[in-house]
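A closer look at the structure
Chain by chain, the residues:
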Amino acid sequence: MKKLFLVSVLGVLCACTESEPTSEQLPPDEQQGDFVEAQGGKADANGVEEASYEGICVLNYVNRADESAILDAVHDWPGEAIIKARRGADGAFGTADDVTFETLEQLDDVDWVGRITFGQLKRSAQESGFCVGIAEEYLIPGEEDAFFTIADRAVEEVEKKAAENGIAHRDAHAKAHGCVQASLKVEEGLAPEYRVGVFAQERTYPAWVRLSNGAFAIQSDLVKDVRGFAVKVMDVPGKKVLEHKQDARTQDFLFINSPTMFVRTPEDYIEFASKTFDGNPVSFFLSLDPREWKIRELTNLLGAVTQEPMNPLRSRYWSTTPYAWGEGAAVKYSVIPCDGETLDGRLGDEGESYLRDAMQVHLSQTDACFEFLVQRQVDPEHMPVEDATLEWSEELSPFVKVATLTVPMQDFATPEQDALCENLAFNPWHTLSEHKPLGNINRARRVVYDMVSTYRRTFNEAKMDEPDGFEL
Ligand code: HEM
């Protein structure tokens, strides 16, 4: 009902803020009745979203197709205008000043490019193989700049707080409920297509699991927040992706309590983080211009932060972003309590660290058990790699169990174990290449996690190497 209301408000507001051009203002191929913005400097990419499957098709095509193919796809003025823009100031193709469209907005700013042009480009891209396939990524030229901006700001933030507190905590997921000892037992009799990397052999690995709140600040568990679940599997042979940890015998898997991310691109993350630090995260999702509202992102975030878990060992978690699954395949991961039952809701007498308390009670009475599941990408359009705000449908591709993660009864809440927990570093890129992270959010994380964890561990004079067992 709320959603319906929002949609109708959006419809009304959009109708008031845009004025439709007359047919005389439109180039010949766009005089077709459907609303089209015909001039440059427009505010959006005509409904096609950055990092979406169709957005990637369009960008790939305008940047890589021959000029004649572009003119075949997009006739007359918009086609000519795209080619002119692509050739750069010297008007010649194949020279140093050629322009690559990095974003849909840049393309949308070209004169005469409108919704119909976007549709024509998408169709031609699909027909001629310019869209991404299964497990394929789309790298935006120069995207690393945004990754380093995120990392620099995160380190700055950690540095500032460390100067005040004398200890450097993580920039995100700063508060741990605890680190617990666990084991990961690979499922017996897995089909050959699931026997990949860590799951190739039927065996049991020792593991550490760190459970956390997602916030930048260390704050009460009563504050609405994303919750984290980070697994460090030990005794994993084989070269790892990060150069400085290539020979480590650990492998990390990171999860949060949401199947979807609340930012679509690293640029969005930068905006979200700065608005959060300014004390106004809502303005990232809802601005004065309704065309800029990020309703899906907001819904995703609310889906995670409104969960009110009773016990972090009784929640479901997802990798949210995709990972390679050997050669030419991609998956998302999830861990779910073995009996399928999650516990949400509060009794009303919870304290500031009630999630740690709930874990302590749980592990003083019984083991905790999670099924480790993977969901294969079977459709690159509806299960995209580059857009982590979209949930991969379990109807299109159900999750399959590949292992059992057991957390045996234990007393984890000791100062020594908390110290180890603080100084461990979990990183989605600390992995066998068979499980390489995919998509723009994950590519950003390759830069960010390393810089932040190196900074904080150096500041704390912590051990930089990986654990090889449960000794503290
Ligand atoms: C651009 C997107 C993201 C950025 C910039 C980011 C940033 C960070 C940073 C700086 C840390 C602390 C690293 C350290 O000091 O060791 C962290 C931890 C973490 N992140 Fe992210 N993150 C992003 C996306 C995600 C996503 C999609 C997930 C979904 C699984 C996730 C899950 C976690 C978890 C569970 C931790 C805690 C790891 C631990 O227990 O040590 N993050 N993140």
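The present account deals with the structure reproduced in this document. (Residues numbered from 1 in each chain as written. Predicted model: local features only at pLDDT ≥ 70, side-chain atom pairs only at ≥ 80, totals over all residues. Heavy atoms only, no water.)

Things to note about the overall build of the chain
Using the following cut-off: Strands here mean DSSP runs of E at least two residues long; helices mean DSSP runs of H or I at least four residues long; both are numbered from the N terminus. For the radius of gyration, the atom set is restricted to C-alpha positions; the globular benchmark scales as 2.2 Å times the number of residues to the power 0.38. Working definition: with a 1.4 Å probe on protein chains only, accessible area under 20% of the residue-type maximum means buried, over 50% means exposed, and in between means partly exposed. In these tables, accessible area is a Shrake-Rupley quantity obtained with a 1.4 Å probe, and a residue counts as shielded only by the protein chains included in the view. By the counting scheme adopted, Arg and Lys are positive, Glu and Asp are negative, and His together with the chain ends is not counted. All charge positions are set by atom: Lys at NZ, Arg at CZ, Asp at CG, Glu at CD.
Of the regular secondary structure elements, the chain holds 13 helices and nine strands. Whereas a compact globule of 472 residues would reach a radius of gyration of roughly 23 Å, the chain reaches 24 Å, a difference of no more than 12%. Projected onto the principal axes, the alpha-carbon positions of the chain cover approximately 75 × 45 × 45 Å. Going through the 472 residues of the chain one by one, you find that 51% of them count as buried. Total accessible area on the chain stands at roughly 21,200 Å², and carbon and sulfur atoms take up 53% of it. When the 45 basic and 82 acidic side-chain charges of the chain are each reduced to a single mean position, those positions are 5 Å apart.

Quick word on helix α4 (residues 76–87)
Stated formally: To estimate how far a helix should reach, multiply one less than its number of residues by 1.5 Å. Contacts are assigned to residue pairs with any non-hydrogen atoms lying within 4.5 Å of each other.
Taking 1.5 Å of rise per residue, the twelve residues of α4 would be expected to cover 16 Å, and the 17 Å separating its terminal C-alpha atoms lies within 8% of that figure. Buried residues belonging to α4 abut α2 (53–64), α3 (67–73), α5 (104–108) and α6 (115–127). Residue Gly 88 follows α4 closely and has a positive phi angle near 80°.

A few points about the packing of aromatic side chains
To keep things clear, this is the line we draw: Note on aromatic contacts: the rings of Phe and Tyr and the six-membered ring of Trp form a pair at centre separations within 6.5 Å, being stacked when their planes are under 30 degrees apart, edge-to-face when over 60 apart, and tilted otherwise. We call a charge positioned above a ring when the Lys NZ or Arg CZ atom is no farther than 6 Å from the ring centre and deviates by at most 35 degrees from the ring normal.
Going through the model one piece at a time under the given rule, you end up with 21 aromatic pairs. With 4.9 Å between their ring centres and 35° between their planes, Phe 216 and Phe 277 make a pair best called tilted. Here Phe 216 is found in the loop between β2 (204–213) and β3 (227–234), whereas its partner Phe 277 is found in helix α8 (residues 266–277), with 61 residues between them in sequence. With relative accessibility at 37%, the residue Phe 277 sits in the partly exposed group. Seen in terms of ring centroids, Phe 272 and Phe 284 are 5.7 Å apart; in terms of plane orientation they differ by 75°. Their pairing is edge-to-face. Residue Phe 272 is found in helix α8, and its partner Phe 284 is found in helix α9 (residues 282–285); the two are separated by twelve residues along the sequence. For the residue pair Phe 272 and Phe 284, the accessibility class agrees, reading buried in each case. Members of the aromatic cluster, each reached through a chain of ring pairs, are Phe 199, Phe 229, Phe 253, Phe 255, Tyr 317, Tyr 323, Trp 325, Tyr 333, Phe 370 and Phe 372. Geometry around Phe 426 places Lys 232 over its ring, the cationic atom sitting 5.0 Å from the centre. Positioned above the aromatic ring of Phe 284, the side-chain terminus of Lys 294 is 4.7 Å from the ring centre.

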